[in-house]
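A structural walkthrough
If you want the building blocks of each chain, they are given just below.
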Amino acid sequence: MKSLDLNMLCKLLDIKTVSEKPIMIDHIKTSVLDIDHNTVIFNLHKTHTLNIRRLENFENCYIITDQPILKSYRHLKHRFLFVFDIEKAYDKFIDYYRSLYNNIKTVAITGTCGKTTTKEMIKQVLEKKYQTTGTILSKNSLRFNLDYLLDIDESKQFGVYETALTDPGQIIYSAKFFKPSVGVITNIGIDHLSGCKTMDNYILAKGEMLAALENKGTLIINSDDANIKKIDFSSFRGKILGFGIKHKTDYYASDIKYQDDMIHFNLNHKNKQYEVKVPGIGEHNVYNALAALAVLDVLGMDLSLAVKYLASYKHIRAHLEKLEGLNGSTIIDDTWSSNPTSLHAAFSALKDTKVTKVAVLGNISYLGDFVLEQCKNIAKMVVDYKIDYLVTIDAFSNRIGEEAIKLGMERNKVLHCKNEEELKQVLTELLRPNVLVLFKTSMFDRKIKTIIKQFIKEGKDQ
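My aim in this report is to walk through the structure given alongside it, one point at a time.

Quick notes on the rules
Residues numbered from 1 in each chain as written. Predicted model: local features only at pLDDT ≥ 70, side-chain atom pairs only at ≥ 80, totals over all residues. Heavy atoms only, no water. Helix = DSSP H or I, 4+ residues; strand = E, 2+ residues; numbered from the N terminus. Contact = heavy atoms within 4.5 Å. Areas by Shrake-Rupley, 256 points an atom, 1.4 Å probe, with all protein chains shown as cover. Pairing = 2+ DSSP bridges. Axes fitted to C-alpha atoms, helices over the stretch in contact; angles between N-to-C directions. Salt bridge = Lys/Arg side-chain N within 4 Å of Asp/Glu carboxyl O. Parallel < 35°, antiparallel > 145°, perpendicular 65-115°, else oblique. Left-handed = near helix turned anticlockwise from the far one by under 90°. Nonpolar A, V, L, I, M, F, W, Y, C, P; charged D, E, K, R; others polar. Core = buried A, V, L, I, M, F, W, Y, C linked by side-chain atoms within 4.5 Å. Buried < 20%, exposed > 50% of the residue type's maximum accessible area, 1.4 Å probe, protein only.

Focus on the overall build of the protein
- What the protein contains, in helices and strands, is 16 helices and 21 strands.
- Put simply, 62% of the contacts in the protein that link residues at least 6 apart link residues at least 24 apart.
- Total accessible area on the protein stands at roughly 22000 Å², and carbon and sulfur atoms take up 49% of it.

What about the sheet that holds strand E6 (residues 80–82)?
- If you walk across this open sheet you meet the four strands as E3-E4-E5-E6, and the pairing is parallel. Single-partner strands in this sheet number two, and they are strand E3 (27–29) and E6. Direction aside, neighbouring strands of the sheet carry axes that sit 20° apart on average.
- Where strand E4 (residues 39–42) and strand E5 (residues 61–65) come together, four bridges link them in parallel fashion. Opposite Thr-39, over in E5, you have Cys-61 as the bridge partner.
- Relative to the sheet, helix H3 (residues 86–99) contacts E3, E4 and E5, its axis offset from that of E4 by approximately 130°.

Some words on the pattern of salt bridges
- Taken as a whole and assessed by the stated rule, the structure comprises 15 salt bridges.
- A salt bridge links Lys-2 to Glu-154; its shortest N-O distance comes to 3.7 Å. Of this pair, Lys-2 sits in the segment before strand E1 (4–5) while Glu-154 is found in the loop between helix H5 (145–150) and strand E9 (158–162), placing the two residues 152 residues apart along the sequence.
- Here Glu-403 makes a salt bridge to Lys-406, at a shortest N to O gap of 3.6 Å. Taken as a pair, Glu-403 and Lys-406 lie in helix H14 (residues 395–406) at a separation of three residues, close to a single helical turn.
- Through salt bridges with shared partners, one network takes in Arg-399, Glu-403 and Lys-406.

What about the environment of Ile-28?
- Within the fold, Ile-28 resides in strand E3.
- For the pair formed by Ile-28 and Leu-150, sequence separation is 122 residues and the distance between their alpha carbons is 8.3 Å.
- If sequence neighbours within four positions are ignored, Ile-28 has contacts with Met-1, Leu-9, Val-40, Phe-42, Phe-93, Leu-146 and Leu-150.

Points about the packing of helix H4 (residues 115–126) against helix H10 (residues 283–298)
- One can describe the packing of H4 onto H10 by two numbers: an axis separation of 8 Å at closest approach and a directional angle of 45°. Here H4 lies oblique to H10, going by the angle between them. In terms of crossing hand, the pair formed by H4 and H10 is right-handed. Residues Thr-117, Thr-118, Met-121, Ile-122, Val-125 and Leu-126 of H4 lie in contact with H10, whose contacting residues are Asn-285, Asn-288, Ala-289, Ala-291, Ala-292, Val-295 and Leu-296.
- When its residues are assigned to classes, the contact of H4 with H10 shows nine nonpolar, four polar and no charged.

Remarks on the nonpolar core
- In this structure, Phe-265, Leu-267, Leu-293 and Leu-310 are the most contacted members of the largest nonpolar core, which totals 40 residues.
- It is H10 that provides the largest number of residues to this core, a total of 10 residues.
- Residue contacts for Leu-267: discarding those within four places in its chain leaves Tyr-251, Tyr-252, Lys-272, Gln-273, Tyr-274, Val-276, Leu-290, Leu-293 and Leu-303.
- In this structure, Tyr-62, Leu-81, Ile-152 and Tyr-161 belong to the second largest nonpolar core, which totals 34 residues.

Points about unusual backbone geometry
- Its identity as a non-glycine residue notwithstanding, Glu-214 has a phi of 55°, on the positive side.
- Residue placement: Glu-214 occurs in the loop between helix H9 (209–212) and strand E11 (218–222).
- Residue classification places Glu-214 among the exposed positions, given a relative accessible area of 52%.

Quick look at the sheet that holds strand E17 (residues 330–333)
- Strand order in the open sheet formed by six strands is E16-E17-E21-E18-E19-E20, with mixed pairing between adjacent strands. The open sheet has two edge strands with one neighbour each: strand E16 (321–324) and strand E20 (414–416). Between one strand axis and the next, the sheet turns by 20° as a mean value, whatever way the strands run.
- The pairing of strand E18 (residues 356–361) with strand E19 (residues 389–392) spans four bridges and is classified as parallel. The residue bridging Val-360 from the neighbouring strand is Val-391, located in E19.
- The sheet contacts of H14 involve E18, E19 and E20, and relative to E19 the element is tilted by about 150°.

What follows is the structure, encoded as structure tokens:
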């Protein structure tokens, strides 16, 4: 971050200045657990307990708070800076810091799936020519926003950020930090219904991207997505551009082919055609590439150059990652995120694979009252996409298995595993040449991560 004079911060927040001499601050934090030298802490996390003895040992560490101090802290009273509303003070600082760098062009990306891949495609291409910052991997939680904001400095020309949500209002909140001029909605499927409560509310929450852009700038949307079409864009005063496959829109793909883990298609834009080649499999990655190229075009990069750079895109791990497994089998690690929409994308990407297909499914969070409905929908996907073996590892996926049996899947092809050892045994028996195993579980399921590593290692050791 840019070093800031504490006196300037005090003036900004209407706080009595601490010293007549400049005190340079190198770190801004939001928890008293993060005390350090030359640090200002906005005390947002009020349940965190301050270690006053540690505070005594740090130079130039100050806490901005709207709470009174304890009497035992009086000897360090000068370290506490009082405001009437800590949240408003924090918002004021965010707005100030972002305003220091109005020249940077920023992009905000939301959607049920494809956020990370689209962001990475844009970011990797921009980094070929420009100083670029943005979301790291899929670390898109609100708690990372401050760190990403403070990474902006004079050298940065572009910022590319995921704006995820678990509850309504979060896209607008993130926009305070990044102030995007370009927004993207990749798609709107099924996810985060525990926070949004209904599908309509979830669609509305994704539609907050209009407000994030302050109803100006450029909004890039998936023209093929039925739920995006439910958003009322009539209040938007900026430019809306579409990308798609099924309809001719501003950026659309034709002649799509898959060969040697590469996607080939023609990008059609303004009566010109560009031959695109990008690593990956699946129709969903065509959409991701289209969205990325549309953004790069809007940002001013020559499309021919953007297409050239995109050909060397490096995929993020655990995003339909193809690996060599035990006994010459193939393992597909798609455990970075798990929701019905991404599951559909994974099944679709593998539908034409001429091998025995095994799906290992785990829990899907954030479905709220829609759990049973989605179990039935996923079971139908399993049957429709002709998955040969379904391996389940918890109560949620077990229910999917039972629903799949009701839909006609042979009972002996649905394998319920009660624990890790049973799962290892089942996979050891299934993994053979001409067998593909798709792992579609939560990124937080460390047991599955360990098992995948084990079967990859055993495969390499043969």
